[in-house]
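In case you want the letters, here they are:
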Amino acid sequence: MKNRRFIPMIIYVAVLVLVFSWTTGLFSQKSATLSYSQVVDLFRAEQVKSFVVEDQTITMELYTPISGKSSVTTTLADPQSFRLEMNDLLKSQRESGVLQGYDFVPQKGFSASELIFPLLTVGVILLLLWAMFMGRMNNSNPMSNFGKARTVLGVPDGKKVTFADVAGADEEKEELREVVDFLRAPEKYTEIGARIPHGLLLVGPPGTGKTLLARAVAGEADVQFLSISGSDFVEMYVGVGASRVRDLFDQAKKVAPAIIFIDEIDAVGRKRGSGLGGGHDEKEQTLNQLLVEMDGFGRTEGVIVMAATNRPDILDPALLRPGRFDRQIHVGVPDVKGREEILKVHARGKKLSEDVNLRTVARSTSGFTGADLSNLLNEAAILAARDSRAAVNMEDMNEAMMKILAGPAKKSRVQSRRDLKTTAIHESGHAVAMYYLPTHDPVRHISIVPRGSSLGATWYLPKDDSSNLTRNEMYEQIVGLLGGRVAEDVFLGDISVGASNDIDRATKLAKDMVARYGMCERLGTVSYLDGGEVFIGRDYQTSKSSFEKVAGTIDEEVKSLIDRAYDHCRKILTDHADKLRELSDYLLANESISGEQFARMMEGKELGEATQTVLFDGFGEPREEPKDQE
Ligand code: ADP
Ligand code: MG
Ligand code: ZN
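We now turn to the structure provided with this report. The structure displayed is predicted, hence computed values, not measured ones. For every chain, the first residue of the written sequence is number 1, and numbering continues from 1 onward in sequence order. To label them, take the chains in the order written and letter them from A, then take the ligands in the order written and number them from 1. Thresholds applied to this predicted model are a pLDDT of at least 70 for local features of residues and 80 or more for the giving and counting of side-chain atom pairs; totals over whole chains, interfaces and linings are not thresholded and use all residues. No hydrogens and no water enter the side-chain calculation; it runs on all heavy atoms of the structure.

## Thoughts on the overall build of the protein chain
For the protein chain, the count of helices and strands is 21 helices and 15 strands. The buried share of the protein chain, reckoned over its 630 residues, is 43%. Counted over contacts in the protein chain with a minimum sequence separation of 6, partners at least 24 positions apart contribute 73%. Entry remark: accessible area of the protein chain is about 33200 Å², with carbon and sulfur atoms responsible for 53%. Going along the chain from the N terminus, every DSSP run of H or I of four or more residues is numbered as a helix, and every run of E of two or more is numbered as a strand. Each residue gets one of three labels from its accessible area relative to the maximum for its type: buried under 20%, exposed over 50%, partly exposed in between, using a 1.4 Å probe on protein chains only. We call two residues in contact when some of their heavy atoms are within 4.5 Å. Here the Shrake-Rupley method, with its probe set to 1.4 Å, supplies the accessible areas, and only the displayed protein chains count as covering residues.

Written out as structure tokens, the structure reads:
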């Protein structure tokens, strides 16, 4: 191997460099080494009788000897600036006669000492390269600063977060209160011999406030919060992740009581042996170290490990065993009450006008996470500020909502008449199909104003918070998604690329139905998907051929499901062709229509007044909240 012979070479060069620099006197000043300021002080104190500067050495004859020597030699890192700085002083001392003579010997080409620095630099770089190379070969190499955990001690923005900042999430907070209590007074628990969970895993979709909750626990208990992200452990060099884990736990023990928070733990905690490369990779070592650390520290130490993930299914089972992350807390997408509370928290410090009803907003934002809601209010505030208005109104909320769902409106984008017609037919196809599908969520707004990357949009939002989709609901969603493409096909006789996103989503839904949720008879109630991807490697390693057979069947079933939905959609749209034409003409003339007006159009009624706010009108309004029982 070429590299093997290269290493002794590097050592050789490094040693040479060291010896060379040693002998040329950099490290062996014969007289006392003075610092730059000491030299300057000698001049200020009028102690220098005469001096000579040659290269980077200065030799001074002194009035008062230093440690018995009246002639002192020392180095000057930068004789040039020394000369500039001292110029005035030298002149005056020369005139007064204190300084009897001096000389700056002109440079004569390259001197040995000038070569030393470049050489040294090269040497150091080579040494570093060599050490890193060795680090790859042998992970016990103590490149210790690589292994320092990139933790953030304390709360990143210095603001203390408490449970009051986490709205909704009452059950989650209740479960975490116990941990807070333990951190406040660990003795109470340990004396009685109670077993406090070692590790808590917060599980939930992104943006639901997992990080926020972890910070709030630390804030409530008033303990140190050491947070690190799973991806920080994942480094190029083998062994670095493992040493970061070690370092993190050491730090925590020093500052205990403390919370260690590992965000996005799935980055390190994946099932071992599931990678296609297989075998002992960096992640595996890091994970092993994490397991060792979690087993190794006692309950008395007052350290609790928290972690967050949105993919608990891909975590290595060893992580979830007793003594490790033995308690899971599910942080869910907030319900309507939770959403209202979250909106209230984030509305603090923002000026809202009278017409903004957060309850209505909460009702219309089913499926939104805390992060989405915070984003919504912020976008609305930005819109209000842009128009130099003092307060956020409902129209801002509405526009912000559409912006979040589909990107900002691009009213100025010039579109050809033909494109507009295609878009109008396409969106009308979605809307009409959705209207005649009994389980489909109601259409809230239709527009052919381009937004983000799409040319038009049909918005639909769920009536309520049900999160459990049935087979029929999923199927009807596919039908609705195909509405745009089918309408182009039927009413324009040609199809466009504008439906590609719809087709992607429909295909994904169909695949989920067939391969994930066991909703197809031919494949039975079996899941063939491992978290989004069709199983590869892991469980089917041994029977590749049988897997290929199943994969073929999945594809066939997905196609037949989509074909069925396509025909269904075509039937709806041809049955209601007049409605579709009416809608698309209206859109061409008016650009958009509210959900309420659309519903009236479908019922054959007068359209009535166009309301300003389109997303929040008409829906979910009168439905009274059930009164509290007390
Ligand atoms: P996760 O870690 O689950 O992805 P975060 O904790 O990072 O989510 O939440 C992102 C942001 O969303 C928070 O900073 C906060 O502003 C907001 N947020 C999320 N959930 C809530 C909640 N329950 N109450 C208040 N704000 C929330
Ligand atoms: Mg987070
Ligand atoms: Zn579409």
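Next comes the rest of the write-up.
## Some remarks on the site of ligand 1
Near is defined per residue: the residue qualifies when any heavy atom it owns lies within 4 Å of the molecule or strand. Taken together, 15 residues form the shell around ligand 1, and within it Ala167, Gly207, Lys210, Thr211 and His346 come nearest. Each polar contact in these results corresponds to two N or O atoms within 3.5 Å; when the atoms are within protein, one needs to be able to donate a hydrogen and the other to accept it, and residues that are neighboring in sequence are counted only if both atoms are side-chain atoms. Residue glycine 209 places a main-chain N or O atom 3.1 Å away from an oxygen atom belonging to ligand 1. At a separation of 2.8 Å, a nitrogen atom of ligand 1 approaches a polar side-chain atom of histidine 346. Taking 560 Å² as the accessible area of ligand 1 by itself, protein coverage stands at 79%. Of all the elements in the fold, those that place two or more residues in the shell around ligand 1 are helix H7 (210-221), helix H12 (336-347) and helix H14 (370-386).

## Let's talk about H7
What a helix should span is 1.5 Å times the count of its residues minus one. Compared with an ideal rise of 1.5 Å per residue, which puts twelve residues at 16 Å, H7 spans 17 Å between its outermost C-alpha atoms and is within 8% of the ideal. Taking burial as the measure, the twelve residues of H7 include nine buried ones, the bulk of the element. Those residues of H7 that sit buried are Lys210, Leu213, Ala214, Arg215, Ala216, Val217, Ala218, Gly219 and Ala221. Elements that come into contact with the buried residues of H7 comprise helix H5 (170-184), strand S6 (199-203), strand S7 (224-229), strand S8 (258-263) and strand S9 (303-309). Count one or two residues on from H7 and you reach aspartate 222, which has phi positive near 60°.

## Thoughts on the packing of helix H2 (residues 36-44) against helix H3 (residues 79-96)
Geometry of a packed helix pair, given as the angle between the helix axes and the separation of the axes. Only C-alpha atoms enter the line fits that serve as axes; for helices the fit covers just the stretch in contact. Angles between N-to-C directions range over 0 to 180 degrees. Running from N to C, H2 and H3 point in directions that differ by 10°, and their axes come no closer than 11 Å. Put simply, H2 runs roughly parallel to H3. Judged by the sense of rotation from one axis to the other, the crossing of H2 with H3 is left-handed. Counted together, Tyr36, Val39, Val40, Phe43 and Arg44 of H2 and Ser81, Phe82, Glu85, Met86, Leu89, Leu90 and Gln93 of H3 form the full contact between these two elements. Each residue gets one of three labels, nonpolar for Ala, Val, Leu, Ile, Met, Phe, Trp, Tyr, Cys and Pro, charged for Asp, Glu, Lys and Arg, and polar for the others, Gly among them. Tallied by class, residues from the contact of H2 with H3 come to eight nonpolar, two polar and two charged. Throughout this description, any angle smaller than 35 degrees is read as roughly parallel, any larger than 145 degrees as roughly antiparallel, any in the 65 to 115 degree range as roughly perpendicular, and the remainder as oblique. Whether a crossing is left-handed or right-handed is set by the direction in which the near helix is turned from the far one by less than a right angle, anticlockwise for left-handed and clockwise for right-handed.

## Some words on the coordination of the zinc ion (ligand 3)
In this description, a donor is an N, O or S atom within 2.8 Å of the metal centre, a cutoff extended to 3.2 Å for sodium, potassium and calcium. Water is not part of the atom list, which can make sites seem incomplete. Taken together, His426 (NE2), His430 (NE2) and Asp502 (OD) make up the protein donors of the zinc ion (ligand 3), found 2.0 to 2.1 Å from the metal. The sequence pattern describing where the donors of the zinc ion (ligand 3) fall on their chain is H-x3-H-x71-D. One end of the pair is histidine 426 and the other is histidine 430, both in helix H16 (residues 417-435) and four residues apart, which spans about a single turn. Looking at histidine 430, the relative accessible area reads 5%, which means it is buried.

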